[in-house]
Amino acid sequence: MSHALRVGRMLLALFLVPALPIRAGQSGKPAAEASEKAEGLKPILDYISSAWDTLTRSMSECSTIVDSKVAGKSILYVPADFPIGEKLHALEARCNIEVRPLPKVIHQLGEVDTNTFRPHGLLYLEYPYVVPGGRFNEMYGWDSYFIIRGLVRAGKIELARGMIENFFFEIEHYGAVLNANRTYYLSRSQPPFLTSMIVAVHDAQKARGKEERGWLERAYAFAVRDHNMWVAEPQMAGDTGLSRYFDFGEGPAPESLKDETDHYQKVAEYFLQHDDIGSRFLMNRQPGESADASIGALYSLKLCSLPLTMEAQRCEAVKEISLNRDYYKGDRSMRESGFDISFRFLPFGAETHHFAPVCLNSLLYKSEKDLEAISRELGRAKEAEDWGNKASARQREIVDWLWDAERGEFFDYDVPEKKRSVYEYASTFYPLWAGLATKEEAAAVRKNLDHFERPGGLLTSPYETGAQWDAPYAWAPLQLIAVEGLRRYGFEDQANRLSYAFLSNVAENFRRDGTIREKYDAVHRSAEAAVKSGYTINVIGFGWTNGVFLEFLHQLPKAEVERLGTEQGARK
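Residues numbered from 1 in each chain as written. Predicted model: local features only at pLDDT ≥ 70, side-chain atom pairs only at ≥ 80, totals over all residues. Heavy atoms only, no water.

Trainee: Explain the overall build of the protein chain to me, please; I cannot follow it from the model alone.
Mentor: The secondary structure content of the protein chain amounts to 21 helices and 17 strands. Its C-alpha atoms give the protein chain a radius of gyration of 25 Å, near enough to 25 Å, the size a compact globule of 572 residues would have. Summarising its shape, the C-alpha atoms of the protein chain cover approximately 80 × 60 × 55 Å along the three principal directions. Taking all 572 residues of the protein chain together, 60% fall into the buried category. Of the side chains in the protein chain, 69 bear a positive and 80 a negative charge, and the two mean positions are spaced by 4 Å. (Helix = DSSP H or I, 4+ residues; strand = E, 2+ residues; numbered from the N terminus. Rg over C-alpha atoms; globule rule 2.2 N^0.38 Å. Buried < 20%, exposed > 50% of the residue type's maximum accessible area, 1.4 Å probe, protein only. Lys, Arg positive; Asp, Glu negative; His and termini not counted. Charge placed at Lys NZ, Arg CZ, Asp CG, Glu CD.)

Here it is, written out as structure tokens:
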């Protein structure tokens, strides 16, 4: 029997026999019959199983550190106080790269001006890690939580734990859990899922009888440092007591300049056509005027004649414009949020740093509850009490500032405007996932599920803006957040229906082209992407989709898994 076939049958057995309890109303069919009915899932499960290897990167391999995003010689940056020993020198020679120390020891974000790197490069990490896929060759902050969920489900605990160790290394040497391990990400983090990663791996180790108190003590210390970053200036959102996304860098995001063709020019065009918002983010100057105050590209506006005869067209420069510093700060902070790009924090995320977001503060509440549980397990009763009090205070603040009882949803809060946003977003499910919503609030959110639910899963938002984090797209991480949030409050039917819709969307598109993608069109149940804002491709891989697919299969009732397998097997 081939390795792929063995893996496929092992996964089928994992999902269809021990992992899926018999629920009320199910008959408990024999394992052989269940396996036969789910045989249609074998190809996609084989794909996911092999993908963990193909998506794994190690900085002992030239294929990882020879940087595909750099035209010249690749640079691997290491911490300023990190010894460059024989192992790294040998790597330089073998891979024809340069190992270069960072310009200074870093204690926190913002201590290094990321615009001074010439060239940019990868940041060293000690352990192998799983990347999302496609053009992504780095370990990403929030992607990794959903990847780790998949790794744990697949039994790859050591790989998952190694990724968490890499985040500890980032906190220790680069100042925070980074957006990803590249020099231009030394100015920002990503949504704080670190405690959720720690809990996932710790629980898996405990289930195997390999609980390590020493590792949990160490993990707790790093998790506290990660949390502290989010509750200190400049991460605070005005006087709300809540936190915000904030990138310490200035000017255009380097990854946008490289990967998002003409994005900033398209933003400038939009703002020109929408003066009500454009007047806040565009700078004007006369041709030839000093551009000292400008950052980023300048764009020339010309007045051209429209000849009605054979006369040549004549154009004359009228003025030049550029996007201002506040826009770029919002753009960079939007990228820290992970929701790049959407219109959630005003068009193109222009005011992300002026909002107290539902997602971030729900995650911080979840972190505080995790830290409460961990400190209690470690026998630190006073610390557990303190974390519980912090979580309770944040819960009250989230409800006070972000809950709209009339609309029955959680909304982000616009600090300068002193009002809640009315932009519906799937982040309204985060308080359910984190467990901070009351039963009445959760029921109200559930009633609005139809605002987001479509044939292929949960929309990110109901608004078609041309951005990939708005309609019509469904993304794996938000499917998991919403489904597990609904399950937490007892809405099993809705959770099963939503997860089945997404699973079948992914499976049907896999059957067509043999790949798993970064995002899916929930309206048309397609992997085709017509994104107009930001990077426009739909990357193949894909780490978090793989992880969520496995989790959803595990959570679904056995009969639903069998139905999915039968459907996919019948559509060859």
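On we go from here.
Trainee: Help me understand the confidence of the model for the protein chain, please; the structure alone is not making it clear to me.
Mentor: Detailed reading of the predicted coordinates is not advisable wherever pLDDT is low. Confidence along the protein chain averages 91 in pLDDT terms, with 92% of residues attaining 70 or more. Low confidence marks residues 1-34, where pLDDT is under 50. Its contacts with residues over four positions away, or in another chain, come to 58 contacts. (pLDDT = per-residue confidence, 0-100. Contact = heavy atoms within 4.5 Å.)

Trainee: Sorry, what's going on with the pattern of salt bridges here?
Mentor: Opposite charge on two side chains lets them pair, provided their charged atoms get close. Following the criterion strictly, the structure yields 37 salt bridges and no others. Where Asp 46 meets Lys 42, a salt bridge forms, and the shortest distance between an N and an O atom there is 2.5 Å. Residue Asp 46 and its partner Lys 42 are both found in helix α3 (residues 42-54); the two are separated by four residues, about one turn of the helix. Put simply, Glu 372 and Lys 369 hold a salt bridge, and the shortest N to O gap is 3.0 Å. A residue pair is termed a helical-turn pair when its members lie 3 or 4 positions apart in one helix, as Glu 372 and Lys 369 do in helix α14 (residues 358-377) at three residues. Taking the relative accessible area as the measure of exposure, Lys 369 reaches 33% and is therefore partly exposed. Several salt bridges share partner residues, and in doing so they unite Arg 149, Arg 153, Glu 484 and Glu 551 into one network. (Salt bridge = Lys/Arg side-chain N within 4 Å of Asp/Glu carboxyl O.)

Trainee: Looking at this model, I keep getting lost on unusual backbone geometry. Mind explaining?
Mentor: Across the chain, the bulk of peptide bonds are trans and the bulk of non-glycine residues have phi less than zero. Residues Glu 233 and Pro 234 are joined by a peptide bond in cis, for which omega reads 5 degrees. Note on placement: Pro 234 falls in the loop between α9 (213-230) and α10 (254-259). Residue Asp 340 is joined to Ile 341 through a cis peptide bond whose omega torsion reads 15 degrees. Along the chain, Ile 341 turns up in the loop between α13 (325-337) and β9 (355-356). Despite not being glycine, Asp 262 has its phi angle at roughly 55 degrees, a positive value. Looking at the element boundaries, Asp 262 is found in the loop between α10 and α11 (263-273). Classification of Asp 262 as partly exposed rests on a relative accessible area of 49%. Phi is positive for Lys 418, which is not a glycine, with a value near 55 degrees. With respect to the helices, strands and loops of the structure, Lys 418 is situated in the loop between β12 (413-414) and β13 (419-420). What makes Lys 418 exposed here is its relative accessible area of 64%.

Trainee: When you look at the sheet that holds strand β4 (residues 122-123) in this model, what are you seeing that I'm missing?
Mentor: Hydrogen bonding along the main chain pairs the strands of a sheet, whether they run parallel or antiparallel. With respect to topology, three strands assemble into an open sheet ordered β3-β2-β4, the strand pairing being parallel. Strands at the two margins of the open sheet, each flanked by one partner only, are β3 (98-101) and β4. Alignment of strand β2 (residues 75-78) against β4, held across two bridges, turns out to be parallel. In the sheet register, Leu 76 faces β4, and the bridge partner there is Leu 122. (Pairing = 2+ DSSP bridges.)

Trainee: Can you walk me through helix α8 (residues 194-207) in this structure?
Mentor: Residues separated by three or four positions in an α-helix point in the same direction, a consequence of the helix having 3.6 residues per turn. Here α8 contains 14 residues, and its C-alpha end-to-end distance of 20 Å stays within 8% of the 20 Å for a straight helix at 1.5 Å per residue. Among the 14 residues that make up α8, ten are buried, leaving the element largely enclosed by the rest of the structure. Where α8 is concerned, the buried positions are Leu 194, Thr 195, Ser 196, Met 197, Ile 198, Ala 200, Val 201, His 202, Ala 204 and Gln 205. Turning to α8, the residues buried within the fold contact α6 (143-153), α7 (157-174), α9, α14 and α16 (430-434). (Expected span 1.5 Å × (residues − 1).)

Trainee: Even after reading the chapter, I still don't get the sheet that holds β9, so can you show me in this structure?
Mentor: In spatial order, the strands read β9-β12-β13; together these three strands make up an open sheet with antiparallel pairing. Sheet topology places β9 and β13 at the edges, where each strand pairs with a single neighbour. Looking at chain direction, β12 and β13 are connected through two bridges and run antiparallel. What sits directly across from Tyr 413, in β13, is Arg 420.

Trainee: Looking at this structure, how should I read empty space enclosed by the protein?
Mentor: Regions of empty space are outlined by a rolling probe, equal in size to a water molecule, passed over the atoms. Counted by the stated rule, this structure contains two cavities of 30 Å³ or more. Lining the largest cavity are 24 residues, with Phe 136, Tyr 140, Gln 190, Asp 340 and Tyr 535 sitting closest to its centre. When the residues that make up the lining of the largest cavity are grouped by side-chain class, the tally is ten nonpolar, four polar and ten charged. In this model, the second largest cavity occupies a volume close to 40 Å³. For the second largest cavity, the full set of lining residues is Gly 141, Val 177, Gln 190, Pro 191, Pro 192, Phe 193, Leu 194, Met 197 and Asp 226. Among the residues making up the lining of the second largest cavity, the classes are represented as six nonpolar, two polar and one charged. (1 Å grid on protein atoms, 1.4 Å probe; cavity = no way out; pocket = protein on both sides within 12 Å on 5 of 7 lines; lining within 4 Å. Points joined across faces, edges and corners; volume = space filled by probe spheres on them. Nonpolar A, V, L, I, M, F, W, Y, C, P; charged D, E, K, R; others polar.)

Trainee: Looking at this structure, how should I read the packing of aromatic side chains?
Mentor: Think of a pair of aromatic rings as described by two things: how far the centres are apart, and how the planes are tilted against each other in angle. Per the stated rule, a full pass over the model turns up 50 aromatic pairs. Judged by centre distance (6.3 Å) and plane angle (80 degrees), the ring pair of Phe 136 and Phe 542 falls under edge-to-face. With Phe 136 in the loop between β5 (129-130) and α6 and Phe 542 in the loop between β17 (519-521) and α20 (543-555), this residue pair connects regions lying 406 residues apart in the sequence. Taking the centre distance of 5.4 Å and the plane angle of 65 degrees together, the rings of Trp 142 and Phe 339 count as edge-to-face. Of the two residues, Trp 142 is situated in the loop between β5 and α6 and Phe 339 in the loop between α13 and β9; the sequence distance between them amounts to 197 residues. Its relative accessible area of 1% is what places Trp 142 among the buried residues. Relative accessible area serves as the criterion here: at 1%, Phe 339 is assigned to the buried category. (Phe/Tyr/Trp six-rings, centres within 6.5 Å; stacked < 30°, edge-to-face > 60°.)

Trainee: I'm lost on the layout of surface pockets in this one. Help?
Mentor: Approximately 400 Å³ is the volume attributed to the largest pocket. Lining the largest pocket are 19 residues, and of these Tyr 145, Ser 196, Val 199, Ala 200 and Asp 203 sit closest to its centre. Elements with a contribution of two residues or more to the lining of the largest pocket: α6, α8, α14 and α20. In terms of residue class, the lining of the largest pocket is made up of seven nonpolar, four polar and eight charged.

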